[in-house]
Structures are given as structure tokens and as C-alpha cells.
Amino acid sequence: MLNDRRPVVSEMNEPSTLNSQLSTIPQFVWRIADVIVGGVFIYAGAIKVLDPIRFANDIENYKILPWTIGVGLAFYLPWLEIFCGLALILRRLYLGGLTILTALISAFLVATIAAKIRGLDITCGCFGHVSQRWNFSAHLALDLLLLAALILLLFRPGRDFRLA
Amino acid sequence: MVKSLLVRQVLILAALGLVPGIGQAIYFRDKVSWRSPVPASEMVTVTQARAWGENAIWVDARPDSEFARDHVPGALPLNEDRWSELLPQFLAAWSQEKKVVVYCSSQSCNASREVARRLRNEAQLKNVFVLEGGWEEWLRTNRRNLKWLNR
């Protein structure tokens, strides 16, 4: 059930200049961005759902988490990505989906940079076989692009965050 | 207002992801170990593998460019990029009594585990082992042995 008065992002006290600049962007552009970003995460999640053992090995490569936790995450995270991607496309649980995806991509960015600094030979596993041959810069560029898109969507002016 | 909505949405999504995740974990319960990535019985050290001599067949799971630069003498290339192309070449050299030792660049790389897993599952091979420490460990052991010989 929707509330009569929906909370909007402008209530979060973001800088007014940024807000006014973002408000000039047409609504259909935001909608396209929702679908693209949501689609990317659904694709990334689906690839990993098909081979969770490979993803568990990819998590293991980062040498951050114990194997047992990595296996648990390998079963859980891909589905979380898919549901959050769907939340963006279907505009249901939108704020929750955006927040979780922003947290996931931020954590992944930190882990990737930390792995690079430690000199680990990592396969990110984020897009299955497709991303295996990507170098560190390509990974970083895509992750930063996704993070920027998520942050922009999060601070989109006038957005009503519907529950269901 | 926004905060409580956010918390509620995050919790709903987190719970939604949990349901198929648990289902999949149950489905895969016999296919993955929750204790270690590769069982100790499927790992082999450089010294152990070298002791197998002619009974071992070495498989280089690194990309072609790294294999071309240098590799374990007699090793065969078998990476996931050209799996379907390289697998027949490997199988032609393989025989049942031989032990397969798969290696990639270092301890942290994943390719050797994946190639070993595929050799067991897809090619139905037994006696497939992952080299501890990979190519880096091979080089280190070689250097140690050379130093010892030069004394």
C-alpha cells in the first residue's frame, strides 16, 4: 500500500546546486538508466547463479574471507544481485535495491583494489567467462561507472521510493 | 521516514535473496566442500609431483602468452580460453596410469583449480591434482635446488 505522501530525495538535504543540475535531466533518461543498471546486475547475478562453485573460488582468490563464508556468499550474493536488479527495473523496493547494490559494488571495489595492492592474481568472477580476460583497469572502470550510476540514481531529484 | 522505509526494503530484499540461495546450497551440498576449496588429497607439492617423474603429466592452465614465455618442461597447455581446442591434444597425450598435475601462476590463482575441476567432471579423469603454489613455487623450488647444487 502506498503512502499518501511519498518521501523524496530532496528531503535528504543534498546540495541544492547538484539537485538543480540533476533535475534538468528528463525522466525517461533516468528510467533508461534504471533498466540498464538493473539489467547489468541481473546478468551478473544470473551468470554466477549458473556456476556458484566457480564464484566461490573467485571469492577465495581475494584471500579476505574464510572459505566457508565465501561459499555461503557464493550461493547468496548472486540472488541478491538479481532481486536488487529487478527492484530497479520494476521500481519496487527501489531505494533498498539501490542501497544494497551501492554497498555491494563499493565493497567489491575496495576488495579489488586491495587485491591489486597485495599483488594477487585475481579473476573477479563478476561477469563469468566474459570478464576473465579483462585487466585490472577494465574492471576498475566498469565498477566505477556502475558506482557512479548508482549514486546518481540514489540522488535523483523528485524520486518517490515506493515500497510495493 | 525515508530511513525506516530504507531499512524495511533492505530487509525484504535480503530475505528474498536468502530463499533461493539456501535452496541452491542444498542442491549443491554434494558438489562443494564447505571446509576447504580443494581437499588436501587433491593438492600436491612440487617435490611430490617431481618424484612421480614419468608417471606425471603436467598441465599448464595459464593463458597462452604466459605458457609461451616459459613453462614446466614437458607441460601441456590447457586453459579455459581454448578449452575445446586444447582438451583433445591433452587427452591424446594422457594415459590412465598417469597422474595429472595442473598448475597456474601462483598460490592465489584460480585457473588450476578450475581446469582440475573440469578434467574431473567433464573429462571424467581420476588422479588429477592441483600444484601447491603454482608456477611461482616451481621456480622457487628450482632456484633452491640450483643453489644447493652450486654449493
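Read on for a plain summary of the structure. Per chain, residues are indexed from 1 in the order of the written sequence. Naming scheme: in the order in which they are written, chains are lettered from A and ligands are numbered from 1. At least 70 in pLDDT is required for a residue's local features to be given in this predicted model, at least 80 for side-chain atom pairs to be given and counted, and no such filter applies to totals for whole chains, interfaces and linings, which use all residues.

A few words on helix 5 (residues 94-117) of chain A. Note: α-helices contain 3.6 residues per turn, so residues at a spacing of three or four share the same orientation. Between its first and last C-alpha atoms helix 5 of chain A spans 35 Å; for 24 residues at 1.5 Å apiece the expected length is 34 Å, and the two agree. A residue is called partly exposed when the number of other C-beta atoms within 10 Å of its own lies between 12 and 20, exposed at 12 or fewer, and buried at 20 or more, with C-beta atoms placed from the backbone. Per the convention used, a helix needs a DSSP run of H or I reaching at least four residues, while a strand needs a run of E reaching at least two, with both numbered from the N terminus. Buried residues of helix 5 of chain A: Tyr94(A), Leu95(A), Gly96(A), Gly97(A), Leu98(A), Ile100(A), Leu101(A) and Ile105(A), and no others. It is the C-beta atoms, placed from the backbone, that decide contacts: two residues are in contact if theirs lie within 7 Å. Where helix 5 of chain A is buried, its residues touch helix 2 (27-50), helix 4 (67-90) and helix 6 (136-154) of chain A together with helix 1 (2-27) of chain B. One or two residues past the end of helix 5 of chain A sits Gly119(A), with phi positive at roughly 75°. For a helix, the expected span equals 1.5 Å multiplied by the number of residues minus one.

A few words now on the interface of chain B and chain A. Tallying the contact residues gives 30 residues for chain B and 33 residues for chain A. Of all the secondary structure elements, the ones that give two or more residues to the side of chain B that touches chain A are helix 1 and helix 5 (111-121) of chain B. A total of 16 residues in the side of chain B that touches chain A trace back to one element, the largest contributor, which is helix 1 of chain B. Residues are sorted three ways: Asp, Glu, Lys and Arg are charged, Ala, Val, Leu, Ile, Met, Phe, Trp, Tyr, Cys and Pro are nonpolar, and all the rest, Gly among them, are polar. Broken down by class, the residue content of the side of chain B that touches chain A amounts to 17 nonpolar, nine polar and four charged.

Okay, the nonpolar core next. Residues of type Ala, Val, Leu, Ile, Met, Phe, Trp, Tyr and Cys that are buried and joined through C-beta atoms within 7 Å form what is called a nonpolar core. Within the largest apolar cluster, 31 residues are counted, with the highest numbers of intra-cluster contacts made by Phe83(A), Cys84(A) and Ala87(A). Counting residues per element, the ones that place at least two in this core are helix 2, helix 3 (52-61), helix 4, helix 5 and helix 6 of chain A. With 12 residues, the single largest contributor to this core is helix 4 of chain A. Among all residues touching Ala87(A), those that are not within four sequence positions of it are Arg92(A), Leu93(A), Tyr94(A), Gly96(A), Gly97(A) and Leu13(B). Of all hydrophobic cores here, the second largest spans 27 residues; its members include Val59(B), Leu78(B), Cys109(B) and Trp138(B).

No statement about biological role is implied by the geometric values presented.
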